[in-house]
Amino acid sequence: MSPAIALAFLPLVVTLLVRYRHYFRLLVRMVLLRSLRDCLSGLRTEERAFSYVLTHALPGDPSHILTTLDHWSSHCEYLGHMGPVKGQILMRLVEEKAPACVLELGTHCGYSTLLIARALPPGGRLLTVEWDPRMAAVAEKLIRLAGFDERTVELIVSSSEEVIPRLQTQYQLSWADMVLLAHRPRCYLRDLQLLEAHALLPAGATVLADHVLFPGAPRFLQYAKNCGRYRCRLHHTGLPDFPAIKDGIAQLTYAGPG
């Protein structure tokens, strides 16, 4: 390419960099730097974050552990977790609904798991599902460090597609009063329909879905709005540490099979 042609494209490149600078920063922190550090250390970001929690957080104090993870993500390495803004929405809804049993699909490092567990009513139960064994190992240690035993929080290491049909028989889950979808947005619709098919959602159940705007779950939202079985509300937020990147938590209230 000649210098003249390159100069002609320069204004366009600059415009794109300015307009999408937040996405470029996210790409650098979430993909490029993370991959480099993973390669150099032999550990994942979540494993390094847990080591940081061990040396900086108070065992048995879920609130302090969550704050420590937020600090790590903001000042050390971007964690890609739910973060404090969405976390407040999640905790408020759990406290309002007071679900006897919550199902979480996508444990990740255990951040949202701790948020739910600390907001559960007395005697409440949380089943959380994570398909990645290394991620699940981090989450398991974090959950127990926070002081929650297996009677309150049970971690299942498997894919959501395999677990949902076995919840009633193998895990004695008659139904879930609240469900958090926080794994892969492309799987949200499939798993919601699986929950319906296996009668795991009672009338009035709350289904929460993270990341419905970024990276987005358009088919899931379209189904929830048009099938006639849900009342829908969208809580608008931004990504942790990147508030200019718009995201949201969908809140669905199940009306019954219809």
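Residues numbered from 1 in each chain as written. Predicted model: local features only at pLDDT ≥ 70, side-chain atom pairs only at ≥ 80, totals over all residues. Heavy atoms only, no water.

With that out of the way, let us pick up the overall build of the protein chain. Helix and strand content of the protein chain: 12 helices and seven strands. Taking 2.2 N^0.38 as the reference for a compact globule, 258 residues should give roughly 18 Å; the C-alpha atoms of the protein chain span a radius of gyration of 20 Å, in line with that estimate. Projected onto its principal axes, the C-alpha coordinates of the protein chain cover approximately 70 × 50 × 30 Å. Per-residue burial for the protein chain yields a buried fraction of 49% across its 258 residues. Across the protein chain, contacts joining residues at least 24 apart in sequence account for 71% of those joining residues at least 6 apart. (Helix = DSSP H or I, 4+ residues; strand = E, 2+ residues; numbered from the N terminus. Rg over C-alpha atoms; globule rule 2.2 N^0.38 Å. Buried < 20%, exposed > 50% of the residue type's maximum accessible area, 1.4 Å probe, protein only. Contact = heavy atoms within 4.5 Å.)

Evaluation of the coordinates by the stated rule reveals one cavity of 30 Å³ or more. When its volume is computed, the largest cavity comes out at roughly 50 Å³. As for the largest cavity, its lining consists of Leu-105, Gly-106, Val-129, Glu-130, Trp-131, Ser-158, Ser-159, Ser-160, His-183 and Arg-184. Of the residues that constitute the lining of the largest cavity, the class distribution is three nonpolar, five polar and two charged. (1 Å grid on protein atoms, 1.4 Å probe; cavity = no way out; pocket = protein on both sides within 12 Å on 5 of 7 lines; lining within 4 Å. Points joined across faces, edges and corners; volume = space filled by probe spheres on them. Nonpolar A, V, L, I, M, F, W, Y, C, P; charged D, E, K, R; others polar.)

What follows covers the pattern of salt bridges. Scanning the model with the defined rule gives 14 salt bridges in all. The salt bridge partner of Asp-38 is Arg-48, with a shortest N-O separation of 3.0 Å. Taken together, the positions of Asp-38 in helix H2 (residues 21-41) and Arg-48 in helix H3 (residues 45-56) put the pair 10 residues apart, joining distant regions of the chain. Under the relative-accessibility criterion, Asp-38 is labelled partly exposed at 23%. Across the salt bridge formed by Lys-86 and Asp-247, the nearest N and O atoms sit 2.6 Å from each other. Taken as a pair, Lys-86 in helix H5 (residues 83-97) and Asp-247 in strand E7 (residues 242-254) lie far apart in primary sequence, 161 residues in all. Across this residue pair, the class does not change: Lys-86 and Asp-247 are buried. Where salt bridges share partners, they join Asp-38, Arg-48 and Glu-77 into one cluster. (Salt bridge = Lys/Arg side-chain N within 4 Å of Asp/Glu carboxyl O.)

Moving on, we get to a nonpolar patch on the surface. Together, Tyr-20, Tyr-23, Phe-24, Leu-27, Val-28, Val-31, Leu-32, Leu-33, Leu-36 and Leu-40 make up a nonpolar patch on the protein surface, roughly 890 Å² of accessible area in all. Positionally, Tyr-23 belongs in helix H2. (Patch = residues over 30% accessible without salt bridge, like charges linked within 9 Å, V, L, I, M, F, W, Y side chains within 5 Å. Areas by Shrake-Rupley, 256 points an atom, 1.4 Å probe, with all protein chains shown as cover.)

This part covers the nonpolar core. Ile-65, Leu-69, Leu-90, Leu-114 and Ile-116 are the most contacted members of the largest nonpolar core, which totals 41 residues. Within the residue set of this core, elements represented by two or more residues are H3, helix H4 (62-75), H5, helix H6 (111-119), helix H7 (133-145), strand E3 (153-157) and strand E4 (178-181). With 34 residues, the next largest nonpolar core counts Val-179, Leu-194, Ala-205 and Phe-220 among its residues. (Core = buried A, V, L, I, M, F, W, Y, C linked by side-chain atoms within 4.5 Å.)

Those residues of helix H12 (residues 218-226) that sit buried are Phe-220, Leu-221, Tyr-223 and Ala-224. Projected down its long axis, H12 shows its buried positions confined to an angular sector of 165°, all on one face. Turned more than 90 degrees away from the buried face of H12 sit Pro-218, Arg-219, Gln-222, Lys-225 and Asn-226, all of them exposed. (Arc of directions from axis to C-beta.)

Before going further, it helps to examine H3. Helix length check: H3, at 12 residues, gives a terminal C-alpha distance of 16 Å against a target of 16 Å (1.5 Å per residue), a fit within 8%. Taken together, the buried positions of H3 are Thr-45, Glu-46, Glu-47, Arg-48, Ala-49, Phe-50, Tyr-52 and Val-53. (Expected span 1.5 Å × (residues − 1).)

When its domains are assigned, the protein chain resolves into domain 1 (1-42) and domain 2 (84-254). The centre of domain 1, based on its C-alpha atoms, is set 33 Å off from the matching centre of domain 2. Taken together, the contact between domain 1 and domain 2 spans six residues of the former and seven residues of the latter. Its largest share of buried area at the contact with domain 2, domain 1 owes to His-22, Tyr-23 and Leu-26, together 65% of the area lost on that side. Seen at the junction of domain 1 and domain 2, the total is zero salt bridges. The residue makeup of the side of domain 1 that touches domain 2, split by class, is two nonpolar, two polar and two charged. (Domains from an automatic or database assignment. Buried area = accessible area lost by both parts, 1.4 Å probe.)

We now examine the side chain of Ser-158. One can find Ser-158 in the loop between E3 and helix H8 (160-163). Of the residues examined, Ser-158 reaches a relative accessible area of 12% and is grouped as buried. In contact with Ser-158, other than residues within four places in its own chain, are Val-129, Glu-130, Trp-131, Val-163 and Arg-166.

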